[in-house]
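# Survey of secondary and tertiary structure
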Amino acid sequence: MASMGEQNGVVSTRPVMADNRNFADFEPAVKKPKRNKFAFACAILASLTSILLGYDIGVMSGAIIYIQEDLKINDVQKEILMGILNVYSLVGSCAAGRTSDWVGRRYTIVLAGAIFFLGALLMGFATSYAFLMVGRFVAGIGVGYALMIAPVYTAEVSPASSRGFLTSFPEVFINGGILLGYVSNYAFSKLPTDLGWRFMLGIGAIPSVLLAVGVLAMPESPRWLVMQGRLGEAKKVLDKTSESIEEAQLRLSEIKEAAGIPQECTDDVVKVQKRSHGEGVWKELFLYPTPAVRHVLICGIGIHFFQQASGIDAVVLYSPTIFEKAGITSSDGELLATVAVGFVKTITILIATFLLDRIGRRPLLLSSIIGMVASLTTLGFSLTIIDHSHEKIPWAIGLCITMVLAYVALFSIGMGPITWVYSSEIFPLRLRAQGASMGVAVNRVTSGVISMTFISLYKAISIGGAFFLFAGIATVATLFFYMFYPETQGKTLEEMEGLFGKFIGWREEAKKLKMKKTMEVNGDGTSNGQIQLGNTTTK
């Protein structure tokens with residue numbers, strides 16, 4: 001078929017679908033498809049890995065109270081224990097990119113679960129601070145693997161029309177894990193001190209077992225299969241995870257093009273270039289990047305840095321401490337207030353999943369970060385008032401609690417999920433796994449620095465000053481996102497590279513791409529083999 005049919009010597013002016021149709025034909029603006037249930041199930045199973053990190057963050061915020069009492073550790077040891085998992089996870093996230101290119105996304109998820117299972121058991125049976133640190137190291141490697149692989153796998157298996165919705169699932173499960181950790185704190189807080197924190201940490205092994213069972217029902221990523229030359233298997237997966245057979249064919253065609261496989265090659269198994277397991281990727285990312293890759297890398301790393309540098313782990317990990325500074329003195333009261341933080345985070349992230357593919361990444365990201373600046377500034381103000389007062393000020397305490405809840409809500413509705421969605425979808429196919437792993441590495445290092453220095457920071461500049469600092473960092477992030485981040489909503493993973501390369505001029509490229517897709521849908525374009533209106537010459 002051609003985009004403008006010729007019948008009996010007459011050029012038809014009615015647009016007809018072309019063989020080389022674009023994904024715009026399947027986007028919600030043209031036809032709102034139903035959610036693909038198989039892709040939905042795959043995203044759920046892959047995202048279970050994120051529960052591992054969320055649970056550890058949530059449970060440690062409460063368990064540390066009892067660990068400090070039982071093991072008699074000082075504030076510096078407490079800081080290190082709270083944040084060291086993020087540094088340890090750097091090992092896992094750096095290794096995960098190469099591992100997933102070598103053995104596949106699916107088995108990397110299995111490996112993540114197995115490592116965390118061992119780490120949770122070691123922490124649960126720890127008899128000393130040193131033993132506990134060994135368990136944290138093992139669990140950290142598993143968390144690093146999980147953080148990198150869940151969004152990459154989900155992005156690669158999702159159809160373009162619902163990729164934002166499905167790729168936000170890892171952040172949903174992180175928040176769900178945090179909430180489970182908070183609930184676990186409260187549930188086991190009545191046990192004897194030496195048993196309570198061990199149950200809190202050790203029970204985290206249960207999600208790992210569920211993950212290992214769930215992975216058995218998951219297919220391998222179609223993009224990884226194509227990169228290995230296993231086209232037959234990739235086609236079967238795409239048929240199940242696409243909204244239609246036509247879309248599956250288009251996705252396969254574009255992935256083949258990105259992988260350098262000729263379109264006429266239709267064998268179930270084909271030979272691919274030797275560099276199909278990730279070799280040479282670091283050179284393309286850092287030594288000889290194209291302008292587009294350089295732009296993508298800066299955006300991918302930048303969004304991970306600012307997600308953590310704006311203070312989310314300080315709020316989540318140290319929420320009992322913040323509430324104590326605000327005037328809540330009982331342990332039960334601090335833990336209950338912390339559970340409220342978990343509920344707010346979980347509810348707002350669920351709302352965000354339905355907005356990503358409707359509103360877009362950029363509007364949600366900007367509105368989220370601007371709201372975070374306001375809430376952090378107000379939180380710093382209220383904590384400063386409380387810190388300088390010799391008696392309780394009810395309105396300041398109420399304002400402090402409200403701003404903590406507002407901050408985590410604003411983070412979860414934009415900055416939280418979009419970081420994982422955006423960084424997993426902008427890298428070109430061959431660079432995606434290891435590029436995403438670099439973003440996760442920066443995320444974990446930044447998180448580790450924040451969580452391991454927060455107590456020292458607020459002792460040095462006051463707890464209010466610490467949140468003023470986070471507000472300043474979030475302000476810089478607002479300007480950075482506004483200047484350099486193009487909208488990726490509705491774009492196929494293979495179209496992304498066209499949006500990047502011009503740090504300031506990306507808006508013009510986005511307009512050109514939108515105009516081109518509109519012309520293709522309307523049948524009046526001259527590209528992609530379509531016949532121009534009023535002209536019978538094919539380009």
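The name given to the protein chain in an unreviewed UniProt entry is Polyol transporter 5-like protein, with Gossypium arboreum as the source organism. Per UniProt, the comment on the protein chain under Sequence similarities (unreviewed entry) is "Belongs to the major facilitator superfamily. Sugar transporter (TC 2.A.1.1) family." Of the comments in the UniProt record for the protein chain, the one headed Subcellular location (unreviewed entry) reads "Membrane".

## Digging into the overall build of the protein chain
Counting its secondary structure elements, the protein chain contains 22 helices and two strands. Among the 539 residues that make up the protein chain, the fraction classed as buried is 58%. The long-range fraction of contacts in the protein chain, counting pairs at least 24 apart against all pairs at least 6 apart in sequence, stands at 79%. Summed over its atoms, the accessible surface of the protein chain is roughly 21,200 Å², and 66% of this surface lies on carbon and sulfur atoms.

## Describing helix α4 (residues 105-124)
With 20 residues, α4 should reach 28 Å at 1.5 Å per residue; the first-to-last C-alpha distance of 29 Å fits that figure. Every buried residue of α4 is accounted for by R105, R106, T108, I109, A112, G113, I115, F116, G119, A120, M123 and G124.

## Some remarks on unusual backbone geometry
Although it is not a glycine, K72 adopts a positive phi angle of roughly 55°. With respect to the secondary-structure elements, K72 resides in the loop between α2 (49-71) and α3 (75-103). With a phi angle near 80°, S462 is a residue other than glycine that sits in the positive phi range. Taking relative accessible area as the criterion, S462 reaches 23% and is therefore assigned partly exposed.

## Side note on the packing of aromatic side chains
Evaluation of the coordinates by the stated rule reveals 15 aromatic pairs. Here Y88 and F137 contribute two aromatic rings whose centre-to-centre distance is 4.9 Å and whose plane-to-plane angle is 85°, an arrangement assigned as edge-to-face. Taken together, the residues Y88 in helix α3 and F137 in helix α5 (residues 129-157) connect sequence positions 49 residues apart. Accessibility expressed as a relative area gives 35% for F137, which makes it partly exposed. Here a set of aromatic residues connected by ring pairs shows up, and it is made of F305, F306, Y422, F480, F481, F484 and Y485. Over the aromatic face of Y107 sits the side chain of R106, whose NZ or CZ is 5.5 Å from the ring centroid.

## A closer look at the UniProt feature "coiled-coil region" (unreviewed entry) in the protein chain
Following the UniProt record, the feature "coiled-coil region" (unreviewed entry) maps to residues 231-258 here. In this annotation, residues 231-258 is assigned 89% helix and 0% strand; the end-to-end C-alpha distance for the span is 13 Å.

## Structural notes on the packing of helix α16 (residues 319-326) against helix α19 (residues 394-425)
Packing of α16 against α19 brings their axes to within 9 Å, and their N-to-C directions diverge by 160°. Classified by the angle their axes make, α16 and α19 are roughly antiparallel. The crossing of α16 and α19 is right-handed. Between α16 and α19, the residues in contact are I322, F323 and A326 and I397, C400, I401 and V404, respectively. Partitioned by chemical class, the residues of the contact of α16 with α19 number seven nonpolar, no polar and no charged.

## As for the nonpolar core
Counting residues in each nonpolar core, the largest one holds 145 residues, and the members touching the most others are I67, L132, W197, L201, F454, F467 and F481. Counting residues per element, this core draws most heavily on α5, which supplies 15 residues. The contacts of L132, once residues within four sequence positions are left out, are I67, L71, L81, M123, A126, W197 and L201.

## Some remarks on the pattern of salt bridges
Applying the stated criterion to the full structure yields seven salt bridges. Ionic pairing is found between D101 and R105, a salt bridge with its closest N-O pair at 2.9 Å. Judged by relative accessible area, which is 2%, D101 ranks as buried. Judged by relative accessible area, R105 falls into the buried class, the value being 0%. In this structure, R105 engages E156 in a salt bridge whose closest nitrogen and oxygen atoms are separated by 2.9 Å. In this pair, R105 sits in helix α4 while E156 sits in helix α5, placing the two residues 51 residues apart along the sequence. There is no split in this pair, since R105 and E156 are both buried. One continuous salt-bridge network, built from bridges that share partners, spans D101, R105 and E156.

## A look at the packing of helix α14 (residues 291-309) against α19
The N-to-C vectors of α14 and α19 enclose an angle of 150°; their axes lie 9 Å apart at closest approach. In terms of orientation, α14 and α19 fall into the roughly antiparallel class. Judged by the twist between their axes, the crossing of α14 over α19 is left-handed. For the pair formed by α14 and α19, the contact residues are C299, G300, I303, H304, F306 and Q307 on the first element and F411, M415, G416, I418, T419, W420, Y422 and S423 on the second. Its residues assigned to classes, the contact of α14 with α19 shows eight nonpolar, six polar and no charged.

## Focus: a nonpolar patch on the surface
A cluster of nonpolar residues, F117, L121, F125, V209 and V213, forms a patch on the protein surface that exposes about 460 Å² of accessible area. Counting only elements with at least two residues in the nonpolar patch, the list comes to α4 and α9 (205-215). If you trace the backbone, V209 turns up in helix α9. A residue is classified by how much of its surface remains accessible, and V209, at 43% relative accessible area, is partly exposed.

## Description of the environment of M227
Of note, M227 is situated in helix α10 (residues 222-227). It is 9.2 Å that separates the C-alpha atoms of M227 and A258, two residues lying 31 residues apart in sequence.

## With respect to the environment of G260
You can see G260 is positioned in the loop between α12 (245-259) and α13 (281-287). Relative accessible area serves as the criterion here: at 54%, G260 is assigned to the exposed category. Here the alpha-carbon distance between G260 and V272, two residues twelve residues apart in the chain, equals 8.2 Å.

Parameters and conventions
Note that residues are indexed from 1 along each chain, following the sequence as it is written. Note on the predicted model: pLDDT of at least 70 is required for a residue's local features to be given, and 80 or more for side-chain atom pairs to be given and counted; whole-chain, interface and lining totals, by contrast, use all residues. Only hydrogens and water are set aside; all other atoms, that is, all heavy atoms of the structure, feed into the side-chain values. UniProt positions are given in the numbering used here, feature names are shortened, and annotations may be inferred rather than shown by experiment. Helix and strand definitions here come from DSSP, where helices need a minimum of 4 consecutive H or I residues and strands a minimum of 2 consecutive E residues; each element is numbered from the N-terminal end. Any residue under 20% of the maximum accessible area for its type is buried, any over 50% is exposed, and the rest in between are partly exposed; the area is computed with a 1.4 Å probe on protein chains only. In this description, contact between two residues means that some pair of their heavy atoms is separated by no more than 4.5 Å. What sets the accessible areas is the Shrake-Rupley method with a 1.4 Å probe; for residues, cover comes only from the shown protein chains. Working rule for helices: expected span equals 1.5 Å times residues minus one. Between 30 and 60 degrees the pair is tilted, below 30 it is stacked and above 60 it is edge-to-face, where a pair is any two Phe, Tyr or Trp rings, Trp via its six-membered ring, whose centres lie within 6.5 Å. Any Lys NZ or Arg CZ found within 6 Å of a ring centre and within 35 degrees of that ring's normal is scored as a charge over the ring. Simply put, an axis is a line fit to the C-alpha atoms, just over the touching stretch for a helix, and the angle between two N-to-C directions goes from 0 to 180 degrees. For this classification, under 35 degrees means roughly parallel, over 145 means roughly antiparallel, 65 to 115 means roughly perpendicular, and everything else is oblique. Each crossing gets its handedness from the near helix: less than a right angle anticlockwise from the far helix is left-handed, clockwise is right-handed. Basically, the charged four are Asp, Glu, Lys and Arg, the nonpolar ten are Ala, Val, Leu, Ile, Met, Phe, Trp, Tyr, Cys and Pro, and anything else, Gly included, counts as polar. To form a nonpolar core, buried Ala, Val, Leu, Ile, Met, Phe, Trp, Tyr and Cys residues must be joined to one another through side-chain atoms within 4.5 Å. For this document, the term salt bridge refers to a Lys or Arg side-chain nitrogen within 4 Å of an Asp or Glu carboxyl oxygen. Nonpolar side chains (Val, Leu, Ile, Met, Phe, Trp, Tyr) within 5 Å and like charges within 9 Å form the patches, drawn only from residues with over 30% relative accessible area and no salt bridge.

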